[in-house]
Structure formats: C-alpha cells, structure tokens
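# Close look at the chain arrangement
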Amino acid sequence: MLTTKIIEKKMLIIIGSGCAGLTAAIYAARAALYPLVIDGNQPGGQLTTTTDIENFPGFPDGIGGYELVDRMRKQAERFGAAFVSDHIRAMRNEGEVFYLDGTRTTYESKAVIIATGASPRLLGASGEAEYFGGKGVSTCATCDGAFYRGKDVAVIGGGDSAVEEAIFLTRFCQKVYLIHRRDSLRASASMTRRIVENPKVQIIWNSVLEEVLGNGLRVTGLRICNVKTNIEQILSCSGVFIAVGHKPNSSFAIGVIPIDSHGYFIPRADDASCSPMDGVFLAGDCSNSLYQQAIIAAGTGARAAIAAERWLVGAAEKCVPIREYLQN
Ligand SMILES: Cc1cc2nc3c(=O)[nH]c(=O)nc-3n(C[C@H](O)[C@H](O)[C@H](O)COP(=O)(O)OP(=O)(O)OC[C@H]3O[C@@H](n4cnc5c(N)ncnc54)[C@H](O)[C@@H]3O)c2cc1C
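Rules and cut-offs
Residues numbered from 1 in each chain as written. Predicted model: local features only at pLDDT ≥ 70, side-chain atom pairs only at ≥ 80, totals over all residues. Pairing = 2+ DSSP bridges. Helix = DSSP H or I, 4+ residues; strand = E, 2+ residues; numbered from the N terminus. Contact = placed C-beta atoms within 7 Å. Axes fitted to C-alpha atoms, helices over the stretch in contact; angles between N-to-C directions. Domains from an automatic or database assignment. Near = placed C-beta within 6 Å. Nonpolar A, V, L, I, M, F, W, Y, C, P; charged D, E, K, R; others polar. Buried ≥ 20, exposed ≤ 12 C-beta atoms within 10 Å, placed from the backbone. Expected span 1.5 Å × (residues − 1). Arc of directions from axis to C-beta. Core = buried A, V, L, I, M, F, W, Y, C linked by C-beta atoms within 7 Å. pLDDT = per-residue confidence, 0-100. Left-handed = near helix turned anticlockwise from the far one by under 90°.

The subject of this paragraph is the sheet that holds strand β13 (residues 201-204). Ordered in space as β10-β17-β11-β12-β13, the five strands form an open sheet in which the pairing is parallel. Sheet topology places β10 (137-138) and β13 at the edges, where each strand pairs with a single neighbour. Relative to strand β17 (residues 239-242), β10 runs parallel, the two sharing two bridges. Within β17, the residue paired with Val137 across the bridge is Val240. The strands touched by helix α4 (residues 160-169) within the sheet are β11 (152-156), β12 (175-179), β13 and β17, with β11 carrying the most contacts at an inclination of about 170 degrees.

The three strands lie next to each other as β14-β15-β16, forming an open sheet whose pairing is antiparallel. Since the sheet does not close on itself, it has two edges, and those belong to β14 (207-214) and β16 (232-236), each with one partner. Between one strand axis and the next, the sheet turns through 25 degrees on average, direction left out of account. Where β14 and strand β15 (residues 219-226) come together, seven bridges link them in antiparallel fashion.

When its domains are assigned, the protein chain resolves into domain 1 (6-120 + 246-327) and domain 2 (137-242). Spacing between the C-alpha centres of domain 1 and domain 2 amounts to 34 Å.

Near the ligand lie 40 residues; those nearest to it are Gly18, Gly40, Gly45, Gly117 and Gly284. Contributing elements (two or more residues each) for the shell around the ligand: α1 (19-30) and α6 (294-318). Residue classes in the shell around the ligand are distributed as 16 nonpolar, 22 polar and two charged. When residues of the shell around the ligand are sorted by domain, at least three fall in each of domain 1 (6-120 + 246-327) and domain 2 (137-242).

Moving on: the environment of Glu211. Positionally, Glu211 belongs in strand β14. The class of Glu211 is partly exposed, set by 16 C-beta atoms lying within 10 Å. Considered as a pair, Glu211 and Ile224 are 13 residues apart in the sequence and their alpha carbons are 6.9 Å apart. Setting aside anything within four residues of it in sequence, one finds Glu211 in contact with Ala125, Ser126, Gly127 and Arg223.

What follows is about helix α2 (residues 65-78). Along its 14 residues, α2 runs 20 Å from first to last C-alpha, staying within 8% of the 20 Å computed at 1.5 Å per residue. Three or more residues of α2 are buried, namely Gly65, Leu68, Val69, Met72, Arg73 and Ala76. Along the long axis of α2, the arc covered by the buried residues comes to 135 degrees, so they all point the same way. Every exposed residue of α2 that faces more than 90 degrees away from the buried side is listed here: Lys74 and Arg78. Packed against the buried residues of α2 are α1, β3 (52-53) and β4 (63-64).

If you look at the biggest cluster of nonpolar residues, it comprises 54 residues, and the most contacted ones within it are Ala24 and Ile113. In terms of residues, this core owes the most to one element, α1, which gives nine residues. If we ignore the near neighbours within four places in the chain, the residues touching Ile113 are Leu12, Ile14, Ala24, Phe281, Ala283, Ala304, Ala305 and Ala308. Counting residues in each nonpolar core, the second largest holds 33 residues, with Phe132, Ala166, Val212 and Val240 among its members.

The next subject is the confidence of the model for the protein chain. Of the residues in the protein chain, 93% have a pLDDT of 70 or more, and the chain-wide mean is 91. Contacts for the low-pLDDT stretch residues 318-323, under 50 throughout, to residues beyond four places or in other chains number six contacts.

With that settled, the discussion passes to the packing of α4 against helix α5 (residues 189-196). Their axes nearest at 10 Å, the elements α4 and α5 cross at an angle of 35 degrees. As for the relative orientation of α4 and α5, their crossing is left-handed in sense. Listed contacts from α5 to Asp160, Val163, Glu164, Ala166 and Ile167 of α4 are Met191, Thr192, Arg194 and Ile195. Of the residues in the contact of α4 with α5, the class split is five nonpolar, one polar and three charged.

What follows is the structure, given as structure tokens:
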C-alpha cells in the first residue's frame, strides 16, 4: 500500500545514485529542474564496490570507484541537485503525476528517471565476499581483466556471458579455467566451438565453487567440487570471475513499466531513453543488459535527463505549467 503522507513534490525525481543517476542529476540540475535523487540502499552504486577504474575517460592514471562517484555527486550538488536516503518499494501514476513509495515517505513527481542498476549475481561461496572488489573476485572481465596479465584465472558459469568473459581473458591471462556445474555449456554453438578450440582455456565440467582461497590480501586459489563424484580439488589461480548473470533492480515497478523475461526495463522502440510510459525515462544498467559499463551508464544518464527536460517542457505546454505545478 502506498502511504498518503507526501513530503517531497518535485518536477523530476531520479531513482538511483550510481553513475547513471548521478550524470542524469548533473544534466537535470544544470537545466534548472532541481532534481531529487533517491539514493537507494547502495549510494554511489556498483562502482563503490571496486578499487581501480582504468577505463573511464579523463583519468589517465585511473581513479578509485568511490572517488569517481563522489566527484559526480559533488558536481550534481553544485548545480542544485538534492539527495535523499531512501529506497523505493513501489510506484504508480495517477493521471500525469507519479507517486513513488519509499521506506520513509511517498514522493510525488511530474517525471521520473529510473537508474536503479542491475546487481551482479554472486554465488555465496565461502571467501567470495571477502575477496570481492579489487582482491581477486570480480564480476566483470572487461573492467578487471587487464589486472591479471600473465596470470591464471577462473571463470564460473556456462552461459554466453561466461564464455565471452573467458575468451576475453585469454588476451591477457596465461591460463583460463572455465568452471561449469553441468556437462555441457548453455552458450550458443558458435561460442561453444570458440571456447573448446581455445588452447588457453581448460573447461572443468560438473563442478561448483565451494570456497575462494586467499592469503588475507588476495585470492590464491579455489576449492571446487565435482557434483557427480563429490571429489574436491584445489585450483591455484590469482583471480576468479563470477559470470552467472545480473539481477536488474526493477521489482518496485513491476506492472507499471514493462520488463523483459530477465527483469530489465524495456525501452520505447524509437528512443532507448524513454520507457513506454510518458514521463518515465530509463538510464544505465537497469535497461541495458548488453553494455554494462560506467561510461555507458553515465552516457545514458545524460540522455535520459535531456529527454526528460524536453518532455517536461512539452508537458508543461499542454498541461499544467511547471511553476504552477510546483506551487500547488
Ligand atoms: C566490482 C565491479 C567492478 C566494476 N568495474 C568497472 C570498471 O572498471 N569500469 C566500468 O566501466 N564499469 C565497471 N563496473 C560496471 C559499472 O559499475 C556499472 O556498469 C555501473 O555502475 C552501472 O551504473 P548504474 O548507475 O546503471 O547502476 P548502479 O551503479 O548499479 O547504481 C544503481 C543505483 O540505484 C539504486 N537503487 C537500486 N534500487 C533502488 C530502489 N528500489 N530505490 C532507490 N534506489 C535504488 C542503488 O542504491 C544505486 O545507487 C563494475 C561493476 C562491478 C560490480
């Protein structure tokens, strides 16, 4: 049930404070829309869970994930964006107004940018959380692969993305183990052929990750178990990439904004920054399963803010003028 107490009435609300939401906030604030950003349970988003970002343009020596989003946040605040610590549980629209039900209160807005990201799925194996983010456990070969030049690494998973990550890692790494719990891959036939023929890859079938081993600072190996024989094995490696998919943070909008079978928001066919519902815009990983990178999330954040601003100006012309709406 949505609460009735409304403390925040805004022209534009941005849900999520990862690099998509923060970039949207910079653009919207500079367009004098005074956006409110709702932080969610992970202020700053996924980048706060990693150490070095080496592929974000403008930082030739790299930059820490936390520092990057902190700078974006300060930039947005400088132009007048406001932030609130809350998590949206549900949304609905009444006519041309949106209501967002948070854990603290209900927010009302004329337009909404959804930038809630997609959390990488982890396995919950022992040691996985301890070594996650800069210590050897990663969920992104594109982001972290280059840190493992000349090393042995493992990839866990058997779908297209796991196979893609493993093939990508062979560019840098000496050896790549692909560990899959079944005896055949779920990846497409062409991807399967490519990986089976790659001399740097060793596929370990019917096996699951039991424990990530380390020396307290870095990963040193894995304990895996064959599910058919129950025999355990220690694999020496410097990194492990968990490639078992992402979970888009879209549950709060189910039934309001269309989502695909994996939970990603489906954009409008003619403009990827717009949802099919007028006044709701999409940015970042929550509507993009293919290119989950910070620079792309930031770019789509800028695009969503521009689209929202254009829509608000048009909406104001045909319905309630912006100033009047905010005063009532
Ligand atoms: C360990 C790791 C390392 C990475 N390294 C790199 C790298 O080196 N280079 C690179 O380009 N990319 C990297 N990435 C990928 C990059 O972090 C993501 O592509 C990017 O963060 C996506 O940004 P986003 O804003 O769409 O979502 P996120 O960063 O996931 O942010 C989502 C935001 O939405 C909020 N939220 C979620 N649900 C709700 C809700 N119901 N109500 C309110 N708020 C909500 C969260 O609190 C969060 O603030 C890495 C990812 C990980 C996990």
